[in-house]
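Structural description and commentary
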Amino acid sequence: MPSFKIALLKGDGIGPEIVESAVKVLQKVGKLFGYDFILEEGLIGGIAIDKTGEPLPQETLELCLSSDAVLLGAVGGPKWDDLPTHKRPERGLLGIRKALDLYANLRPAKVYKPLVPSSPLKDHVVMGTDFIVVRELTGDVYYGEPRGIFKEGERRVGINTMRYTEDEIRRVVKKAFEIARGRRKKLTSVDKSNVLEVSALWREIVEEESKSYPDVQVEHLYVDNCAMQMIRRPSSFDVIVTGNIFGDILSDEAAVITGSLGMLPSASLGERYALYEPVHGSAPDIAGKGVANPIATILSASMMLRYSFNLKEASDAIDRAVELALERGYRTPDIYAEGTKKVGTQEMTEVIISLLEELCERSA
Ligand SMILES: NC(=O)c1ccc[n+]([C@@H]2O[C@H](COP(=O)([O-])OP(=O)(O)OC[C@H]3O[C@@H](n4cnc5c(N)ncnc54)[C@H](O)[C@@H]3O)[C@@H](O)[C@H]2O)c1
Ligand SMILES: CC(C)[C@H](C(=O)O)[C@@H](O)C(=O)O
Ligand SMILES: [Mg+2]
């Protein structure tokens, strides 16, 4: 039986609840399709700070380096909000992304038909929306030096540095062109080249690389305009490629179009390692209440099967089971609309699992 080792980093807030849901789905898929998923847990984020003093303990890093893929819940919460930036739970996440060199963060934003009424936008605007944000994940102002809070005479000054080397830009841009080639062949590159030199270089590299992909249509948008166009014409986008900070902001915006942040999965890919996590955070406001939407994490597990293990059939089955759960009217509170069935995290997970069984029986 093919076997895959997965590092589970549940993290904080709703992290443990939603990762547990994805684990149940993975275990069911393993049984139905004949795969053995070996799951090993590691600490990250606030819980890791509490237990070891570090947001990313060496042991966790070693576990990830020796696994076939990593599944992460979320990190952070009010308990750790007063810590200085370099000691916060979020540093664990930034540390693991950098250590595994996960430079391409794929964040698909797809509107499921039954969720069209959950979007705050008009039906005809959101219908057919299906794009993917390719966010650079290991550079930009997130990691640039110098950074810190310094003294300038008597007053303090906060400094971060926006920085990209051309190699860093080129590798993620190439990845985005490749993804566009396998989809509707349209690439929107997002920058702020009217103001920032970093962005001017970004745009230059996109133009250079576009020569190798004549079949892909390229559009350049300034990030402020893109934020607006994403709301005005979301269905016109196919692949959006952008830097770390712009991608962070635009992907949360994309989530609203699709109905809820609780729906958006992601894959963070490097040449050698891969990590899968929902786009959303630890949602401290609903943690422990059993109401978190597990779909973003379940779909992240599905991306893991597709991208890391090449198990397309199993991944398709999960995606279809999620779609069916929505078609049959099951909704966690974040996507609830009148006339549908409100369920909690566990019930949504059980529904998806039983639909997986149903789908497999049908195709047997
Ligand atoms: N990848 C990550 O681990 C990650 C990402 C973003 C934020 N964070 C951290 O999470 C903490 C909270 O941040 P925030 O409140 O800005 O963002 P958040 O994404 O945690 O929550 C934003 C809103 O969306 C809701 N939401 C998020 N996920 C949901 C789900 N699965 N189901 C239903 N509703 C959901 C929350 O209840 C909240 O109202 C902070 O410490 C932040 O740094 C972590
Ligand atoms: C928690 C934070 C460090 C993280 C980011 O900014 O990358 C989050 O917002 C995300 O989108 O994954
Ligand atoms: Mg974010």
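Everything below is about the structure printed above this text.
Overview of the structure. (Residues numbered from 1 in each chain as written. Chains lettered and ligands numbered in written order. Predicted model: local features only at pLDDT ≥ 70, side-chain atom pairs only at ≥ 80, totals over all residues. Heavy atoms only, no water.)

1. Concerning the environment of E357
- Summarising the element assignment, E357 is placed in helix α12 (residues 345-363).
- Exposure remark for E357: the relative accessible area of 30% places this residue in the partly exposed category.
- Separated by 329 residues in the primary sequence, E357 and K28 place their C-alpha atoms 8.2 Å from one another.
- Those residues in contact with E357 that lie beyond four places of it in its chain are K28 and L32. (Helix = DSSP H or I, 4+ residues; strand = E, 2+ residues; numbered from the N terminus. Buried < 20%, exposed > 50% of the residue type's maximum accessible area, 1.4 Å probe, protein only. Contact = heavy atoms within 4.5 Å.)

2. Considering the layout of surface pockets
- Quantified by volume, the largest pocket comes out at close to 570 Å³.
- Along its surface, the largest pocket is lined by 23 residues, and P108, M303, R306, Y307 and D319 are the ones closest to its centre.
- Going through the elements one at a time, β4 (104-110), β5 (130-136), α10 (295-307) and α11 (312-327) are the ones with two or more residues in the lining of the largest pocket.
- For the lining of the largest pocket, a count of residues per class yields twelve nonpolar, three polar and eight charged.
- Split by domain, the residues of the lining of the largest pocket number at least three in each of domain 1 (1-104 + 261-364) and domain 2 (120-258).
- Of the volumes computed, that of the second largest pocket is approximately 470 Å³.
- The wall of the second largest pocket is formed by 23 residues, among which E90, L93, R97, Y142 and D248 lie closest to the centre.
- Looking at the lining of the second largest pocket, the elements with two or more residues in it are β3 (69-74), α4 (90-99) and α9 (244-258).
- With five residues, the top contributor of residues to the lining of the second largest pocket is α4.
- In terms of residue class, the lining of the second largest pocket is built from nine nonpolar, four polar and ten charged. (1 Å grid on protein atoms, 1.4 Å probe; cavity = no way out; pocket = protein on both sides within 12 Å on 5 of 7 lines; lining within 4 Å. Points joined across faces, edges and corners; volume = space filled by probe spheres on them. Nonpolar A, V, L, I, M, F, W, Y, C, P; charged D, E, K, R; others polar. Domains from an automatic or database assignment.)

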